[in-house]
Amino acid sequence: MVVEFDDLDRGLVHALQIDGRAPFRRIAEVLEVSDQTVARRYARLRSTQALRVIGFSDPAVVGDDQWMVRARCAPDAAPEIADALARRPDTSWISLNSGGTEITCSLRARDSAAAGEMLLTRLPRTPRVLDVSAQQVLHVFYGGAHEPFTKLGPLDEGQVASLAVHLPEPAPAPRLDDVDRRILRLLREDGRASVEDLARDCGSSASTVRRRLHDLRAGGLLYLDVDVSPESHDFPMRTMLYLTVLPADLDAAGRALAAHPEVPFAAATTGRTNVYASVASPDAPSLYRYLTTRVAALPGVQGVETAPVIRTVKAAGTHYPAR
């Protein structure tokens, strides 16, 4: 079901990208509507899978490795393989690219052995997979745990500041116990689960859960991402960008990419290409202008590869099976 987003919906999405657990009352004040209106809009979008808030942990804090995986497949097998990957809890941002013959996937693994089990054993032995390559993320320039929000949302700087001021100040990560782990597991299903529901499921008090949530967020063990259905994006054309950059210019090129409004995620990686970025565009002419102006002006770029996304199979945590 395709849901049409109006200006209020877009404002709600932007607000949740700044603070995924902001009370509806606070969001309503920023959007200048009633909290009942915000609650109804959220419930409608959530029930149609157009919007979902999901809790994650910062890979750098918990010691997970991040990999960008590319698998070239027979065209008739790619959708089935992508759907199988989407059912794994350690995958995200799975797409069919380049005419539907390539799958791209973000993989989180607790160590090299866990990554190797997936990359060296499971995928290569999957029927109709022709080739697999993987690049480890070395440094994130923009996106993920540090900036899980859009640069192109409708809220102005004052509205953003009104929401961001309530975010916990960074602090050392707490030592996890069973209650913390239970909270994190529950928030993977619903990042806006109420404190009362979390307390009941954890067998703890609401005040304890509220304090744990604050500490988990402050320490980077919990951040909140927002999935929006691909059909509802204001900039529907998504493209994978793989750059080859001279080592001396790698940091400068990555920081410049991080400042581009078209780029929701950019990172330095291992591999033949050493910078990966996701690019959001309204259409192909806009992508062309971006490549021939902003990308062309990046320092040290020796090569550029683009891979248009044909279908998003899984976003941060939401699986979108073929209809």
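Structural data are supplied above this passage.
Quick caveat: nothing in here was measured; it's all calculated off a predicted structure.

> I'd love a proper account of the overall build of the protein, names of residues and values included.
Assigned secondary structure in the protein consists of 12 helices and 10 strands. The proportion of buried residues among the 323 residues of the protein is 47%. Across the protein, every contact between residues at least 6 apart in sequence was considered, and the portion connecting residues at least 24 apart equals 78%. Put simply, the protein has 38 plus and 41 minus side-chain charges, and the middle of one group is 4 Å from the middle of the other.

> Now, about the pattern of salt bridges: what can you tell me, with residues and values included?
Across all of its chains, the model carries 19 salt bridges by this definition. Here Asp9 ties to Arg44 by a salt bridge, and the two come within 3.0 Å at their closest N and O atoms. Linking Asp9 in helix α1 (residues 7–18) with Arg44 in helix α3 (residues 35–47), this pair joins segments that are 35 residues apart in sequence. With a closest N to O distance of 3.0 Å, Asp64 and Arg108 form a salt bridge. Remark: Arg108 occurs in strand β4 (residues 102–109) and Asp64 occurs in the loop between α4 (59–62) and β2 (65–73); sequence separation between them is 44 residues. Connected through salt bridges with shared partners, the residues Asp6, Asp9, Arg41 and Arg44 form a single ionic network.

> Just give me the short version of the sheet that holds β4, but keep the residues and values in it.
On the basis of which strands lie adjacent, the closed barrel formed by eight strands has the order β2-β4-β3-β10-β7-β9-β8-β5 and antiparallel pairing. Going across the sheet, the axis of each strand differs from the next one's by a mean of 35°, ignoring polarity. With four bridges joining them, strand β5 (residues 129–142) and strand β8 (residues 265–269) adopt antiparallel strand pairing. Along β8, the bridge assignment pairs His139 with Ala268. Here helix α5 (residues 78–86) sits on the sheet and contacts β2, β3 (91–97), β4, β5 and β10 (301–314); the angle it forms with β3, its principal contact strand, is near 170°. Strands β7 (237–245), β9 (275–281) and β10 of the sheet are contacted by helix α12 (residues 284–295), whose axis makes an angle of about 20° with β7.

> Let's hear about the environment of Asp178: which residues, and what values?
Looking at the element boundaries, Asp178 is found in helix α8 (residues 178–189). Each C-alpha atom of the pair Asp178 and Cys202 lies 8.8 Å from the other, and the pair is 24 residues apart in sequence.

> Which residues make up the nonpolar core, and what values go with them?
Leu12, Leu16, Ile27, Leu51, Leu163 and Leu213 are the most contacted members of the largest nonpolar core, which has 38 residues in total. Only α1, α2 (24–31), α3, β1 (51–56), α8, α9 (195–202), α10 (206–218) and β6 (223–228) provide two or more residues apiece to this core. At six residues, α1 tops the list of elements feeding residues into this core. Setting aside chain neighbours within four positions, we find Leu51 in contact with Val13, Leu16, Tyr42, Leu45, Arg46, Val226, Asp227 and Val228.

> An account of unusual backbone geometry is needed here, citing residue identities and associated values.
For Glu32, which is not glycine, the phi torsion reads 60° and is therefore positive. In this structure, Glu32 sits in the loop between α2 and α3. For Glu32, a relative accessible area of 72% puts it in the exposed group. Even without being a glycine, Gln49 presents a positive backbone phi close to 65°. Within the element layout of this structure, Gln49 appears in the loop between α3 and β1. Here Gln49 falls in the partly exposed class, since its relative accessible area comes to 45%.

Criteria and cut-off values
- Residues numbered from 1 in each chain as written.
- Predicted model: local features only at pLDDT ≥ 70, side-chain atom pairs only at ≥ 80, totals over all residues.
- Heavy atoms only, no water.
- Helix = DSSP H or I, 4+ residues; strand = E, 2+ residues; numbered from the N terminus.
- Buried < 20%, exposed > 50% of the residue type's maximum accessible area, 1.4 Å probe, protein only.
- Contact = heavy atoms within 4.5 Å.
- Lys, Arg positive; Asp, Glu negative; His and termini not counted.
- Charge placed at Lys NZ, Arg CZ, Asp CG, Glu CD.
- Salt bridge = Lys/Arg side-chain N within 4 Å of Asp/Glu carboxyl O.
- Pairing = 2+ DSSP bridges.
- Axes fitted to C-alpha atoms, helices over the stretch in contact; angles between N-to-C directions.
- Core = buried A, V, L, I, M, F, W, Y, C linked by side-chain atoms within 4.5 Å.

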